[in-house]
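# Chains, contacts and geometry: an overview
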Amino acid sequence: MTIHDLDTPSIIVNLDVMESNLKRMADYCRKHNLNLRPHSKTHKSPDVARMQIAQGFPGITCAKVGEAEVMVENGVLDILIAYPVVGDIKVRRLCSLAKKAKIAVALDSVEAAEGIAREAARRGVTIDILAEINVGMNRVGVETPGLLVVLAEKINRMKGLRLRGIACYPGQLFFPPPEQKKPLRQLGELITDLRARFRAKGLDERWVSAGSTPTAYQSHWSPGITEIRPGMYPFNDRNMLGADICTLDQCALHVMTTVVSTAVNKRAMMDGGSKTFSSDRFIPDGPKAAPTFGTIRDDEKIIFYGMSEEHGHLDLSKSKTRLKIGQRLRVLPNHVCPTVNLHERMYAVRGEKVVATWEIKCRAKIQ
Ligand SMILES: Cc1ncc(COP(=O)(O)O)c(C=O)c1O
C-alpha cells in the first residue's frame, strides 16, 4: 500500500524522521543520566509508546486514568499519571490498575492524596506519589517550597501511598533554547533547594520529574532533575518549528488532505477543518495576529486562514500554485496533540510506502 491508496484526511508519519527523533532524545537522556518518561498524550498510541520504550527507558506518562488503562491493556506497564486523580470513581480504577502495573501519580493536595490513600489501603495496594510544585505554568502545583514539604510530610504518613519525590512542569518556557538558560538555571536552584529540604526531613526525593519538549535538550541546565517527560518530540509541529525548537527536517507528521472546491475566486477548500486539525492557534504569531491553522508544505504561500468543521479555508492570493480539485496537500498542524486526538489512526510511511498503521487507542480517553 502507498499513500495514494489512502483516503483523506489522514495522518501521515514519516517513520525515518520519527525514529531519528526518538533516538536523539533517548541518546540525550543517556548522556545526561536522565530518565526519559515520554508523555503519551501526544500520540495516544500503544504502538508508539512501545517504540519509545524500545529506546531503553521502560516508563511513559499519561494524563488520564483512561489513557493509562488502555496502555496497560496493551502491555505498557510503568506509568506516571502526571495529573491529580480526584474522585472515587477514578480512584477505584487507579487502584485496579496498580494491581496490574507500576503506577505513580503526581498531585498537589492533601484531598487528592487522602482519596487515593483510603482506597489503596482498603485494596491492599501501594501507589507511588510525586508531590507537585508550581514552577511558573500556574496550572497545578503548590506555590512554595515550604508548602511542598508540608504536603510531602502528610503524604509520607498516609498508609497506601509511598512518597517518591517531586514533580513540576515548566510548560511556560515556550521559546528558543538560548533564552531558556536563565529560567532553567533558576529551576535547577529551586529543585536543589527542595531536595535538600526533603532530605533534611527524611523524605524521599530521589525521583524528580519535569520537562517538556521545548526544554528537553536543555534539561541539564536544571541540575537535580532526574527525569523528563517530553510529549511532542516524536512528531514536532508548526508551533515547535515556529519557536525554533525543531527544524523542518525534524517534523515527522503531517495531515494529508484533498482539495474539494476551487469555486470561489482566490480561495480553495480542503477536506479538513476543525474536526481534523483542532483550533489551536499558531503561538509564535502572538494573540493579536489573524489566526492561521497550519503550514501547507507543498506551497507555504497558500495560507490556511480559516476552518469550518469539515472545510479548511485556503487563501491563494499570494501563491502561484493553481490548485486542482482532487489534488492532495500536506499540512503541518499547529499543535500535534489535539490533532492526533481527532483521528482514529496514523499511517507510518517510508517514502510513499505505508509500512505500519497505528490505532490511536487512547483518543478521547478523557476520564
Ligand atoms: C504535565 C505534563 N508533562 C509533560 C508534558 C509534555 O510536554 P510537551 O507537550 O511540551 O511535549 C505536558 C504537556 O502538556 C504536561 O502537561
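Residues numbered from 1 in each chain as written. Predicted model: local features only at pLDDT ≥ 70, side-chain atom pairs only at ≥ 80, totals over all residues. Heavy atoms only, no water.

## Some details on the site of the ligand
For clarity, the threshold we go by: Proximity is defined per residue: any heavy atom of the residue falling within 4 Å of a molecule or strand makes that residue near it. Nitrogen and oxygen atoms within 3.5 Å of one another constitute a polar contact, given that in protein one can donate a hydrogen and the other can accept it, and given that sequence-neighbouring residues count only through two side-chain atoms. All accessible areas in this document rest on Shrake-Rupley with a 1.4 Å probe, and a residue is counted as covered only by the protein chains that are shown.
Around the ligand, the surrounding shell holds 13 residues, and the nearest of these are Lys41, Arg139, Thr213, Gly231 and Met232. At 3.4 Å, a side-chain N or O of Tyr169 approaches an oxygen atom of the ligand. Separating an oxygen atom of the ligand from a side-chain N or O atom of Thr213 is a distance of 2.6 Å. Bound to the protein, the ligand loses 91% of the 390 Å² it would expose on its own.

## Details of the pattern of salt bridges
Selection criterion: Salt bridges are defined as contacts in which a side-chain nitrogen from Lys or Arg sits within 4 Å of a carboxyl oxygen from Asp or Glu. Numbering of helices and strands runs from the N terminus, with a helix taken as a DSSP run of H or I at least four residues long and a strand as a DSSP run of E at least two residues long. Only protein chains enter the accessibility calculation, which uses a 1.4 Å probe; a residue whose area is less than 20% of its type maximum is buried, one above 50% is exposed, and one in between is partly exposed.
Throughout the structure, instances matching the rule amount to 23 salt bridges. Arg350 is paired through a salt bridge with Asp16; the nearest N and O atoms lie 2.5 Å apart. With Arg350 in strand S16 (residues 345–350) and Asp16 in helix H1 (residues 15–31), this pair connects stretches of sequence that are 334 residues apart. For Arg350, a relative accessible area of 33% corresponds to the partly exposed category. You can call Asp16 partly exposed: its relative accessible area is 42%. In this structure, Arg267 engages Asp315 in a salt bridge whose closest nitrogen and oxygen atoms are separated by 3.5 Å. Of the two residues, Arg267 is situated in strand S11 (residues 267–270) and Asp315 in strand S14 (residues 312–315); the sequence distance between them amounts to 48 residues. The network of salt bridges with shared partners includes Arg37, Asp78, Lys102 and Glu227.

## Looking at the environment of Arg350
For the record, the criterion: We call two residues in contact whenever any of their non-hydrogen atoms come within 4.5 Å of each other.
When the C-alpha positions of Arg350 and Met1 are compared, they lie 11 Å apart, and in sequence the two are 349 residues distant. The residues contacting Arg350, other than those within four sequence positions of it, are Leu15, Asp16, Glu19 and Val355. A polar contact is formed between the side chain of Arg350 and the side chain of Asp16, at a distance of 2.5 Å. Only 3.0 Å separates the side chain of Arg350 from the side chain of Glu19, close enough to count as a polar contact.

## Some thoughts on the domain arrangement of the protein chain
Note: interface size is frequently given as the accessible area lost on complex formation between the parts. Test applied: Either an automatic procedure or a domain database provided the assignment from which the domain bounds are taken. In short, buried area is how much 1.4 Å probe accessible area vanishes from two parts on joining, totalled over both.
The domains assigned to the protein chain are domain 1 (15–234) and domain 2 (239–359). For the pair domain 1 and domain 2, the two sides together bury roughly 1,800 Å², of which 66% comes from carbon and sulfur. Its largest share of buried area at the contact with domain 2, domain 1 owes to Leu15, Phe174 and Met232, together 29% of the area lost on that side. Seen at the junction of domain 1 and domain 2, the total is 2 salt bridges. Residue Arg350 is joined to Glu19 by a salt bridge in which the shortest nitrogen-to-oxygen separation is 3.0 Å. If you look at where domain 1 meets domain 2, you find 4 residue pairs in polar contact (both at pLDDT 80 or more). Sorting the residues of the side of domain 1 that touches domain 2 by element identifies H1 and helix H2 (46–53) as the ones contributing at least two each. Broken down by element, the residue count for the side of domain 1 that touches domain 2 peaks at 7 residues, all from H1.

## Quick word on the pairing of strand S6 (residues 127–132)
Spelled out, the test is: A pair of strands counts as paired when DSSP detects no fewer than two bridges linking them. For crossovers, right-handed means that the path from the first strand over the helix to the second runs clockwise, given strands pointing away from the viewer.
For S6, the tally of buried residues reaches 6 of 6 residues, placing the bulk of the element in the interior. With burial as the criterion, each face of S6 is covered, one bearing Ile127, Ile129 and Ala131 and the other bearing Asp128, Leu130 and Glu132. Bridging between strand S5 (residues 102–107) and S6 involves 4 bridges; their strand directions are parallel. Looking at S6, one finds that Leu107 is bridged to Ala131. Handedness of the crossover is the feature at issue here: the chain leaves S5, passes through helix H5 (residues 110–123), returns alongside S6, and the resulting connection is right-handed. The pairing of S6 with strand S7 (residues 161–167) spans 6 bridges and is parallel. Bridged to Ile127 within S7 is Leu161.

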